[in-house]
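# Descriptive structure summary
Here's the letter readout for the chains.
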Amino acid sequence: MKTTRPRRGLMALFLLLAMFAAACGDNNDNSTATGGGEEPAGGEAADAPDGDTIKVGILHSLSGTMSISEVAVHDAELLAIEEINEAGGVLGKQLEPVIEDGASDWPTFAEKAEKLLTVDDVAVVFGGWTSASRKAMLPVFEGLDGLLFYPVQYEGLEASPNIFYTGATTNQQIIPALDYMVEQGMTDVYLVGSDYVFPRTANKIIKAYAEEHGLNVLGEDYLPLGETATATVVSKVMDAQPDVVFNTLNGDTNVAFFKELAAKGNTPDQIQTISVSVAEEEVGGIGVDNIEGHLVAWDYFQTTDTPENEEFVAAFKAKYGEDRVTADPIEAAYVGVHLWAMAVEEAGTTDVDAVREAAKGLAFDAPEGPVTVSDWNQHISKTARIGVVNAEGLIDEVWNSGEPIEPDPCLEKYDWAVGLAQGECDAAKEAA
Amino acid sequence: MTAPTTSSGDIDAGIPPESPAARDARWGRPRTPMSLLGPRGASPWVGRLVFVAAVVLLFAGPELIADPTRLRQWAEYLCYAMIAVGVDLAWGYGGMLVLGQGVFFGLGAYAMGMHLSLEQTGPGQLPQFMSLYSDYSELPLLWRPFEHLWFAAAAAVVVPVLVAAALGWLVFRRRIRGPYFAILTQATALVFWLLLVGQLQLTAGTNGLTNFSEIFGRSKYEPGTNEFLYYLAAGGLLVVVVLASQLVRSRYGRLLIATRDGEDRVRFLGYDPAVTKTVAFAVAAGMAGLAGALVAPIIGIVAPNQFAVLPSIIMIVWVAVGGRGTIIGALLGALAVSYLKTRVSETRPDDWQYFQGLLFVVVIAYVPGGLVGVARGSWLRGRRLLGSRGQRGDVSPPRPTRGTTEVTA
């Protein structure tokens, strides 16, 4: 045995130590502006709230499959925090973001949420994208009585007192889309979705609606998340020749699906599609040629014509670059931060109960138009919009609901939806 | 397993039925499980002391870590250490590169997760996800026995052991080994993940089982629960470590090492390597299953992503970083890597993964013996510098694991 090996090992070890010292040393210069500047929180929970800052958590996937969508949402939240800080902060204190990476892994979301609430003692967390990550965080926020602002449209059937939902619930996106289809005389529907909870639940609702309104569901197919082999499903769709495909696919699968559909010679005049998870960001990945003329359903487009939106888009592009686009979840995240700040100002404290109470009925002129926080389910009223993808990859509105729609997460106002919800909203109702 | 001999060549001829004298000549003084913890060549008392100190430290965790969240994280790391010890048994001592331990970890976690899901609902009621997303009107047959904690706990260990034993027996009897075995285990992890995601109505799909606010009759977020879970994990780890060190030291352990270093020779001597390897593989699976059962209440969610291909590879990394072929190394590797992952991802949320990747590359390339290898090297050199009178020309032959981190092993 020569002595070279241990020495080499030792050197490597030193190298490693130096590396981690560098990694951990970074937090000494505690810049409050953006990421990285975060307290190491040396294992003790008892960091007394700093005199002039309020800590807020930001928890999105900055790595892994979901980062492609979630990084932009995290950017929008930082933009809103910056705006609030420039305007003097909240209760006279600056907001200090504590950023964590959910890493596209649901257990990590739960763990980081717990860490933010206990170790960092943040006043609120803005976070999540997938329903799975929200479901993973929900017990943590309920158990520790924290506050989560969740910015993405979702499948409804939930109303936690510890979550504010600033994205659309089903009666603000999917049901208006179905109404629009009926109005346009599209009666034969084909359902295509990713195989997880959101598309499954959405399709359950669509089928109940179809039965009531005389739509024919010609077929229903699911692809695993991340699947890119879409030829079989597209062939089935082409054979069935529906008027419209109701598309609840998520992520990369959309790219393969629309490419395949275009490759098979389909145009929107033959088989139209209406998507609920394809926004401005995704259009770029799919390729404008493949999706131009197809429909999408949201509550906000980059082109939405309000003075607030003009400012928001300009500010977003100024901070992050001209090539960046805004989209519904990005806007909803931005709105969430502002709503929370307004509720805290109103309550005069960051205490969860007080903020929850103060948020009831809160109105805000958002980029998407006026929104109001519900007085019992912590969703917000939103104007539903249908748009068509144009040649520049942006979305032109072709229809909107005219006024904000009251959120109805458990679909209690619809006779045909009886039995879909199993009392998920009862607790929230009682509390109100 | 294709004879991953060291650079020094042929030290591994015909080990099994060795006389005690010959064995001592080759390996130095027989090592008790405790002395395995100490540096090689040290008095067995050093090992015993280290062991006792480690156990005291382990159970003093709640005294040392005041923050309940941090304590819960440490409980989680302890579970990972259990998996690592199992991986080390199979890979470090048995030469089987297991790239699919996530399967057994997942089986254990789902067994306990199903029980915890049922604990949240009243008797005879469906778990929340099932009433929302499935067509079941009553509890499916597969779920029913998991209403009982004893059944869930037993299944968490027994099912992985049986699955591994069946898989191992089929594979090893056909003399499938080396990279083929590694690829096969990895494929198993992929299949397992697809199955969990695809059976949405039974498993809740990608969402996984969640919302465990009641754990073994206590609230997850009441003070003391994290402490309770920590002690459970610490106890589990102690059992796993003692079992593994007994096994490694036993006659079976020597046979396992011999099989790793020269499977054909062992076969010529009349042993059946398939049995030897199957046992190690099954025991490793049982350890992963136990870890899964404990991690489910600790993390509070059981989701397919935790058991996919990538986490299974990280399990190998734990052992490689700590030091393959030493139980203490596997254990420390899992603790160190998990702790660093948490800490670095907190301080650098944007780019922590690069640091983690760099760590793995550096260790594999420059520190093949892992943390333990470095410690052992320094110990030996320290002794030499002090002019110590080593019992037998000092340097014992390196364990055949050194310098053989290639995939073929």
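Residues numbered from 1 in each chain as written. Chains lettered and ligands numbered in written order. Predicted model: local features only at pLDDT ≥ 70, side-chain atom pairs only at ≥ 80, totals over all residues. Heavy atoms only, no water.

## Overview of the overall build of chain A
For the record, the criterion: The secondary structure listing takes helices from DSSP runs of H or I that are at least 4 residues long and strands from runs of E that are at least 2 residues long, numbered from the N terminus. The contact criterion used throughout is that any non-hydrogen atoms of two residues lie within 4.5 Å. Here the accessible surface of atoms and residues is derived via Shrake-Rupley with a 1.4 Å probe, and residues count as covered only by protein chains that are part of the display.
From N to C terminus, chain A includes 14 helices and 14 strands. Contacts in chain A between residues at least 24 apart in sequence constitute 68% of all its contacts with a sequence separation of at least 6. Carbon and sulfur atoms form 50% of the exposed surface of chain A, whose accessible area is close to 15400 Å².

## Examining the overall build of chain B
What counts here: Only protein chains enter the area calculation, which uses a 1.4 Å probe; residues under 20% of their type maximum are buried, those over 50% are exposed, and those in between are partly exposed.
The secondary structure content of chain B amounts to 17 helices and two strands. Taking all 409 residues of chain B together, the buried fraction comes to 56%. Summarising the internal contacts of chain B: among those between residues at least 6 apart in sequence, 78% fall at separations of at least 24.

## Quick word on the sheet that holds strand 9 (residues 272-275) of chain A
Residues and elements named next belong to chain A. This is how it is decided: Pairs of strands are assigned from DSSP output, requiring at least two bridges between the strands. Here the axes come from fitting lines to C-alpha atoms, over the contacting stretch only for helices, and the angles between their N-to-C directions go from 0 to 180 degrees.
Pairing is mixed across the open sheet formed by seven strands, whose spatial order is 7-6-8-9-10-13-14. For this open sheet the edge positions go to strand 7 (216-223) and strand 14 (395-400), each flanked by a neighbour on one side alone. Sheet twist, expressed as the average angle between the axes of neighbouring strands with direction ignored, equals 25 degrees. Judged from the seven bridges that link them, strand 6 (residues 188-194) and strand 7 form a sheet pairing that is parallel.

## Regarding the state of the cysteines
Residues and elements named next belong to chain A. In plain terms, the rule: Counting rule for disulfides: a pair of cysteine sulfur atoms within 2.5 Å.
For the coordinates displayed, the defined rule picks out one disulfide over all chains. Disulfide partner of Cys 410: Cys 425, at an S-S distance of 1.9 Å. A torsion of 85 degrees about the S-S bond marks the disulfide between Cys 410 and Cys 425 as right-handed. A residue pair is termed long-range when its members are at least 10 positions apart, and Cys 410 in the loop between strand 14 and helix 14 (426-431) and Cys 425 in the loop between strand 14 and helix 14 qualify at 15 residues. Accessibility classification places Cys 410 together with Cys 425 in one group, the buried group.

## Some details on the pairing of strand 8 (residues 244-248) of chain A
Residues and elements named next belong to chain A. Under the convention used in this document: If the strands point away from the viewer and the path from the first strand over the helix to the second runs clockwise, then the crossover is right-handed.
The buried fraction of strand 8 amounts to five of the five residues, a majority that puts the element mostly inside the structure. Where strand 8 and strand 9 come together, four bridges link them in parallel fashion. Bridging from a neighbouring strand, Val 244 pairs with Gln 272 of strand 9. Handedness of the crossover joining strand 8 and strand 9 through helix 8 (residues 252-263): right-handed.

## Considerations on a nonpolar patch on the surface
Residues and elements named next belong to chain B. Rules: Residues qualify for a patch when their relative accessible area is over 30% and they have no salt bridge, like charges being joined within 9 Å and the nonpolar side chains of Val, Leu, Ile, Met, Phe, Trp and Tyr within 5 Å. Note on definitions: salt bridges are taken to be side-chain nitrogens of Lys or Arg within 4 Å of carboxyl oxygens of Asp or Glu.
A cluster of nonpolar side chains, Trp 169, Val 275 and Val 279, forms an exposed patch at the surface whose accessible area comes to about 230 Å². One can find Val 279 in helix 13 (residues 273-299). Taking relative accessible area as the criterion, Val 279 reaches 35% and is therefore assigned partly exposed.

## Some remarks on the packing of aromatic side chains
Residue and element names in this part refer to chain A. Where we set the bar: Each Phe, Tyr or Trp ring (for Trp, its six-membered ring) is paired with any other whose centre lies within 6.5 Å, and the angle between the two planes then decides the class: stacked below 30 degrees, edge-to-face above 60, tilted in between.
Scanning the model with the defined rule gives 30 aromatic pairs over all chains in all. Plain terms: the ring middles of Phe 126 and Trp 340 are 6.1 Å apart, the flat faces sit at 85 degrees to each other, and that makes the pair edge-to-face. Here Trp 340 lies in helix 12 (residues 328-347) and Phe 126 lies in strand 3 (residues 125-127), a separation of 214 residues in the sequence. Classification of Phe 126 by relative accessible area gives buried; the value is 1%. Judged by its relative accessible area of 0%, Trp 340 falls in the buried class. For the ring pair Tyr 414 and Trp 416, a centre distance of 5.5 Å and an interplane angle of 50 degrees mean the geometry is tilted. We classify Tyr 414 as partly exposed; its relative accessible area is 22%. You can call Trp 416 buried: its relative accessible area is 13%.

## Section: the sheet that holds strand 5 (residues 163-165) of chain A
All names here are of chain A. Taken in spatial order, the five strands of this open sheet run 2-1-3-4-5, and their pairing is parallel. Both outer strands of the open sheet, strand 2 (94-101) and strand 5, are each paired with one neighbouring strand and no more. Averaged over all adjacent pairs, the angle separating strand axes in this sheet is 25 degrees, with direction ignored. Bridge count for strand 1 (residues 53-60) against strand 3 is three bridges, and the pairing is parallel. Each residue of the ladder has a partner; that of Ile 58, found in strand 3, is Phe 126. Packing of helix 3 (residues 106-118) onto the sheet brings it into contact with strand 1, strand 2 and strand 3, and relative to strand 1 it is tilted by some 175 degrees.

## Remarks on the environment of Val 321 of chain B
All names here are of chain B. The topology assignment puts Val 321 in helix 14 (residues 309-322). Classification of Val 321 as buried rests on a relative accessible area of 7%. Filtering out sequence-adjacent residues up to four positions away, Val 321 remains in contact with Val 337, Phe 360, Val 363, Gly 370 and Leu 371.

## Some points on helix 17 (residues 370-385) of chain B
For the α-helix, the turn length of 3.6 residues means that residues three or four positions removed from each other point alike. Quick reminder of the rule: Here the expected span of a helix is defined as 1.5 Å times the quantity of residues minus one.
Taking 1.5 Å of rise per residue, 16 residues should cover 22 Å, and helix 17 of chain B covers 23 Å from first to last C-alpha, within 8% of that figure. Buried within helix 17 of chain B are the following residues: Gly 370, Val 372, Gly 373, Val 374, Arg 376, Gly 377, Leu 380, Arg 381 and Arg 383 of chain B.

## Some words on the pairing of strand 2 of chain A
Along any regular strand the residues' side chains alternate between the sheet's two faces. All names here are of chain A. Of all eight residues that make up strand 2, seven are buried, and the element is covered over most of its length. As judged from the eight bridges shared by strand 1 and strand 2, these two strands associate in the parallel manner. Pairing of Val 56 across the sheet is with Pro 97, part of strand 2. This β-α-β element, strand 1 to helix 2 (residues 67-86) to strand 2, shows right-handed connectivity.

## Looking at the nonpolar core
We count it as follows: Working definition of a nonpolar core: buried Ala, Val, Leu, Ile, Met, Phe, Trp, Tyr and Cys residues. They are joined through side-chain atoms within 4.5 Å. Domains are outlined according to an automatic or database domain assignment.
Ranked by internal contacts, the top residues of the largest apolar core, which has 197 residues, are Phe 257 and Trp 340 of chain A together with Tyr 80, Ile 83, Phe 105 and Leu 209 of chain B. Tallying contributions element by element places helix 4 (residues 68-93) of chain B first for this core, with 16 residues. Mapping this core onto the domain boundaries places at least three of its residues in each of domain 1 (8-168 + 309-382) and domain 2 (171-299 + 386-410) of chain A. Those residues within four positions of Leu 209 of chain B in sequence are excluded, and the remaining contacts are Tyr 110, Gly 113, Met 114, Ser 117, Phe 129, Trp 143, Thr 203, Ala 204, Ile 301 and Val 302 of chain B.

## Section: the packing of helix 10 (residues 225-249) of chain B against helix 13 of chain B
Residues and elements named next belong to chain B. Here is the rule we go by: Every angle not falling under 35 degrees, over 145, or within 65 to 115 is termed oblique; those three ranges are roughly parallel, roughly antiparallel and roughly perpendicular. Just so you know the grouping, Ala, Val, Leu, Ile, Met, Phe, Trp, Tyr, Cys and Pro go in nonpolar, Asp, Glu, Lys and Arg go in charged, and all remaining residues, Gly too, go in polar.
Put simply, helix 10 and helix 13 touch, their axes get as near as 10 Å, and they point 175 degrees apart. Taken together, the axis directions place helix 10 and helix 13 in an arrangement best described as roughly antiparallel. Of the residues in helix 13, those touching helix 10 at Leu 229, Leu 232, Ala 233, Gly 236, Val 240, Leu 243, Ala 244 and Leu 247 are Val 283, Met 287, Leu 290, Leu 294, Pro 297 and Ile 298. By residue class, the composition of the contact of helix 10 with helix 13 is 13 nonpolar, one polar and no charged.

By themselves, these figures tell us nothing about what the structure is for.
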